[in-house]
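# Results of the structural survey
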Amino acid sequence: MHSFSRTTFLNLFVVCLAVGKATASSKICSWENNKDSSKGDCADGMESSKLKYAPPSISTSPIEVPAKILMGPGPSTPHPRVLQAGAAPLLGHMHPEFFRIMDDTQAWLRYGFQTSNTATLAVSGTGHAAMEMAVANTVEPGDQVIVGVNGIWGERMTDIAARFGAKVIPMETKPGTVFSYEDVKAALEKNPGTKIVFVVHGESSTGTLQPLAGLGKLCHEQGALLFVDTVCTLGGVPLNVDADELDIVYSGSQKCLGAPPGASPLTLSDKATAKLAARKTKVQSYYFDLNEVGPYWGVGGAARKYHHTGMVSNVYQLREALAMLAEEGLEAAWARHQQMADRLYEGLKQLGLELFVEDPAARLPTVTTIKVPKGVNWADVPAFLMKKYKLEIAGGLGPTAGQVWRVGIMGFNAQPRNIELLLVALKDALTHVGFLKDEKVV
Ligand SMILES: Cc1ncc(COP(=O)(O)O)c(C=O)c1O
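Residues numbered from 1 in each chain as written. Predicted model: local features only at pLDDT ≥ 70, side-chain atom pairs only at ≥ 80, totals over all residues. Heavy atoms only, no water.

Looking up the protein in an unreviewed UniProt entry gives the name alanine--glyoxylate transaminase, with the organism given as Klebsormidium nitens. The UniProt entry for the protein carries the following comment under Sequence similarities (unreviewed entry): "Belongs to the class-V pyridoxal-phosphate-dependent aminotransferase family." According to UniProt, the comment filed for the protein under the heading Cofactor (unreviewed entry) is "pyridoxal 5'-phosphate". (UniProt positions renumbered as here; feature names shortened; annotations may be inferred.)

## Considerations on the sheet that holds strand 8 (residues 225-229)
Read across the sheet, seven strands follow the order 2-10-9-8-5-3-4 without closing on themselves; strand pairing throughout is mixed. The outermost strands of the open sheet, each flanked by one partner alone, are strand 2 (119-124) and strand 4 (167-172). When the angles between neighbouring strand axes are averaged without regard to direction, this sheet yields 20°. Note: strand 3 (residues 144-149) against strand 4, six bridges, orientation parallel. From the neighbouring strand, Ile 146 faces strand 4, where its bridge partner is Ile 169. Those strands touched by helix 3 (residues 96-113) are strand 2, strand 9 (248-250) and strand 10 (263-268), and its axis lies near 110° from that of strand 2. (Pairing = 2+ DSSP bridges. Helix = DSSP H or I, 4+ residues; strand = E, 2+ residues; numbered from the N terminus. Axes fitted to C-alpha atoms, helices over the stretch in contact; angles between N-to-C directions. Contact = heavy atoms within 4.5 Å.)

## Remarks on the packing of helix 12 (residues 380-389) against helix 13 (residues 416-432)
The relative placement of two packed helices is expressed as an angle between their axes plus a distance between the axes. Axis separation between helix 12 and helix 13 bottoms out at 9 Å; the angle between their running directions is 120°. Compared by their axis directions, helix 12 and helix 13 come out oblique. As for the relative orientation of helix 12 and helix 13, their crossing is right-handed in sense. Where helix 12 approaches helix 13, its residues Val 381, Phe 384, Leu 385, Lys 388 and Tyr 389 are matched on the opposing element by Leu 421, Val 424, Ala 425, Leu 426, Asp 428, Ala 429, Leu 430 and His 432. Of the residues in the contact of helix 12 with helix 13, the class split is 10 nonpolar, one polar and two charged. (Parallel < 35°, antiparallel > 145°, perpendicular 65-115°, else oblique. Left-handed = near helix turned anticlockwise from the far one by under 90°. Nonpolar A, V, L, I, M, F, W, Y, C, P; charged D, E, K, R; others polar.)

## Quick notes on the packing of helix 4 (residues 127-138) against helix 5 (residues 152-163)
Interaxial distance between helix 4 and helix 5 falls to 10 Å at its minimum, and their mutual angle equals 45°. By the criterion of interaxial angle, the relationship of helix 4 to helix 5 is oblique. Remark: the crossing between helix 4 and helix 5 carries right-handed chirality. Within the contact between the two elements, helix 4 uses His 128, Met 131, Glu 132 and Val 135 and helix 5 uses Trp 153, Arg 156, Met 157, Ile 160 and Ala 161. Here the contact of helix 4 with helix 5 is composed, by residue class, of six nonpolar, one polar and two charged.

Right, here's the structure in full:
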């Protein structure tokens, strides 16, 4: 055992006072020889260190993460093959082997989106990054943009588009309902000169599925582009970017594709890239400027050029998820999601629960919103499911907060065993909170 000299102690004390951070977790001491540093103690008699902070007093054992079933609105539980891909050796982001993986990822993204758009890539970041990149490139200050608002994601787009200088015209409908062709036509006629119309294909805050048929053509006839959020639909719900004439389409990796969050699909039609090429102003974001990042993805056959360090492991995982989607076939994946949603609806009805979206045609199969019955505290059910079953469902968001539970059936989770487990667990939870008193057959 060593001991502090009085002078050392005083010196330390003065330094600590000077920096004003003399807390238990940030002691100034030499931790080099201090085997007990995990407890945050300064060992006796150590020399004072040049470091301002000791390591935090938390365990340095290899990470331990509980296995949970993620059936909220996202992220969804990835397939083990997808997780495994993330553990592959790291390649450099400019290595030819990685370029090949990027090429494959793009090709499968085009298949998933059903498009031949050359401007198809994965944006570094979550869905919001793709959302911002889409806006940054296609919206110029002063552009008139009609934004369909029937939940939080339309609301968010009004904010993001306005930040990029758009003149935003909100087009609203009640949460839990969708826009008709006539609604969009009326909004365009009322607002001549509109450059872009935005709608959310799968509104995860309310559980609606926006019909897209005819909207692209309608927008084009009026000289506008159609901009669509497919974060909760790509890979899980019929989506045909070219056939439906969609111009600006972004998504997420962590929903129906079943990859971890962090690499977000984006595709732009030739009309959208022409709008970008005709800009009078520079894209305000360097990171998201497609003129800068496009060549890194080889968009339009451009020579590969460094822009930012690619999210290598995330791309592996997205590639793997897309490969699995291609193996299954897009139509089979869409049908699987719908079948699982139908089974869920049936089981929920037997439990005496009601769906928030009244019109069956407007129900989003990948995220179901369930009305919280009167007298039940919404938070008790997700808490019970998590504690007893390690199963995640979520409460409402934005306009549905406190009113619904949201259940995601996306990607690897869209399979019978998950739906049956969820229904059994939900029955248990509803009995626990006193909603179900007698035995009901699920
Ligand atoms: C429909 C929709 N759009 C956008 C987002 C934003 O995506 P992220 O959270 O990955 O940034 C989400 C996320 O839940 C979403 O459900």
